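Structure at a glance
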Amino acid sequence: MTQIIDGKAFATKLRAEIAAEVATLSYKPGLAVVLVGEDPASKVYVANKAKQTVEVGMNSFEHRLPADTTQEQLLALVSQLNADPAVHGILVQLPLPKHLDTESVIATISPEKDVDGLTVVNAGRLASGAEGLIPCTPLGCLLLLQDNISDMTGLHAVVIGRSNLVGKPVAQLLLQQNCTVTMAHSKTRDLPGLCRTADILVAAVGRPEMVKGDWVKPGAVVIDVGINRVPASEGKTKLVGDVAYAEAAPIAGKITPVPGGVGPMTIACLLRNTLTAAKRLEAAR
Ligand code: NDP
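Definitions and limits used
- Residues numbered from 1 in each chain as written.
- Predicted model: local features only at pLDDT ≥ 70, side-chain atom pairs only at ≥ 80, totals over all residues.
- UniProt positions renumbered as here; feature names shortened; annotations may be inferred.
- Core = buried A, V, L, I, M, F, W, Y, C linked by C-beta atoms within 7 Å.
- Buried ≥ 20, exposed ≤ 12 C-beta atoms within 10 Å, placed from the backbone.
- Helix = DSSP H or I, 4+ residues; strand = E, 2+ residues; numbered from the N terminus.
- Contact = placed C-beta atoms within 7 Å.
- Domains from an automatic or database assignment.
- Pairing = 2+ DSSP bridges.
- Axes fitted to C-alpha atoms, helices over the stretch in contact; angles between N-to-C directions.
- Expected span 1.5 Å × (residues − 1).

With an unreviewed UniProt entry as reference, the protein chain is termed Bifunctional protein FolD, source organism Acidocella aromatica. Among the UniProt annotations of the protein chain, the heading Sequence similarities (unreviewed entry) holds the following wording: "Belongs to the tetrahydrofolate dehydrogenase/cyclohydrolase family."

Written as structure tokens, this is what we have:
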């Protein structure tokens, strides 16, 4: 019987653990979220993050800036947050409006407060095995895998997707778990054949239901990071992953659904990173 990996339940448990730990602290961890412009999806994400931040007992500082904010204004705000002792985590909601230079904005975030794990410093720390802050969605994938596989040593992990946000950090984390990691991407030859050799298959592609049932090795653990909105019946839409779930689920040993798999782990891991950052910053004071 295939086991469905319940990311929603795991995230709820993780948030409860974070709240319990926050309650023991003599200070309140603070997360600052910066939103530039009026992107409707980003507004929903930011509202969810703020709500869950407060629910675990942390301070949420929301900075909503108009779409015509200049690069200088945004960098000045990030610098101000870097210097603010009440702020332990800084997240700049992406994507930014096109006239802003995302790379230099991220580079301005103090690596110690970079709870999205997107700075070059934190990417380097992850690659070199040093202590840093790990990007939230990859951390969520790792926690789900650790909860479902007692020892990943020697397992073959295939990660489809090589973005800085998901694919690369996931591969680094699995390498640290002693997996033999293969990174696949749009130029990979015979992707179905490669996937069939995977004990752990992580799909982070952004192509609805690309990974078919016969790409999955029987008994494999499948982590579907994809979130794709596609047309459904009666003019409605629905969310599907990068894996053709109905085909893959009977073949996989364990699999994450979409929605309810990796998705809910992302904000929970953001809160975990904020707690981690707060403990390190306060210990260094
Ligand atoms: P990107 O678009 O940045 O990267 C996609 C990757 O998939 C690229 O490396 C690309 O290869 C590869 N790819 C594209 N087409 C193919 C193909 N036909 N065969 C093999 N590889 C292919 O996406 P992200 O990494 O940002 O996100 C991936 C998915 O995860 C998306 O669905 C996104 O919505 C979702 N996501 C979910 C999150 C969550 O909270 N659960 C958070 C972040 C993302 P190449 O490099 O060669 O172009």
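Attention shifts here to the nonpolar core. Counting 82 residues, the largest nonpolar core has Val159, Ile200, Leu201, Val202 and Val222 as its most contacted members. Top element by residues in this core is helix α10 (residues 263-283). It accounts for nine residues. Setting aside chain neighbours within four positions, we find Leu201 in contact with Val158, Cys195, Val216, Ala220 and Val222.

Per the domain assignment, the segments making up the protein chain are domain 1 (27-110) and domain 2 (136-264). Averaged C-alpha coordinates put domain 1 and domain 2 at centres separated by 29 Å.

Here we come to the sheet that holds strand β4 (residues 89-92). The strand order β3-β2-β4 describes an open sheet built from three strands, whose pairing is parallel. Looking at the sheet topology across the chains shown, the edges are occupied by β3 (59-65) and β4. Going from strand to strand, the sheet's axes swing by 15° on average, the running direction of each strand aside. As paired strands, strand β2 (residues 30-36) and β4 are joined by four bridges and run parallel to one another. Pairing of Val34 across the sheet is with Val92, part of β4. Here helix α3 (residues 71-83) sits on the sheet and contacts β2, β3 and β4; the angle it forms with β2, its principal contact strand, is near 175°.

It is worth spelling out α10 at this point. Taking 1.5 Å per residue as the helical rise, α10 with its 21 residues ought to reach 30 Å, and the 31 Å between its terminal C-alpha atoms agrees with that figure. Most of α10 is tucked away, with 16 of its 21 residues classed as buried.

The step from Leu94 to Pro95 runs through a cis peptide bond, and the omega angle for that step is 0°. As for its position among the elements, Pro95 is in the loop between β4 and α4 (102-108). The residue after Val258, namely Pro259, is reached through a cis peptide bond having omega 0°. Within the fold, Pro259 resides in the loop between β11 (254-255) and α10. Of note in the backbone geometry, Asn178 takes a positive phi value of approximately 70° without being a glycine. With respect to the helices, strands and loops of the structure, Asn178 is situated in the loop between α7 (167-176) and β6 (180-184). Asn178 gets classed as exposed once you count the C-beta atoms within 10 Å, which come to 12. With a phi angle near 55°, Glu209 is a residue other than glycine that sits in the positive phi range.

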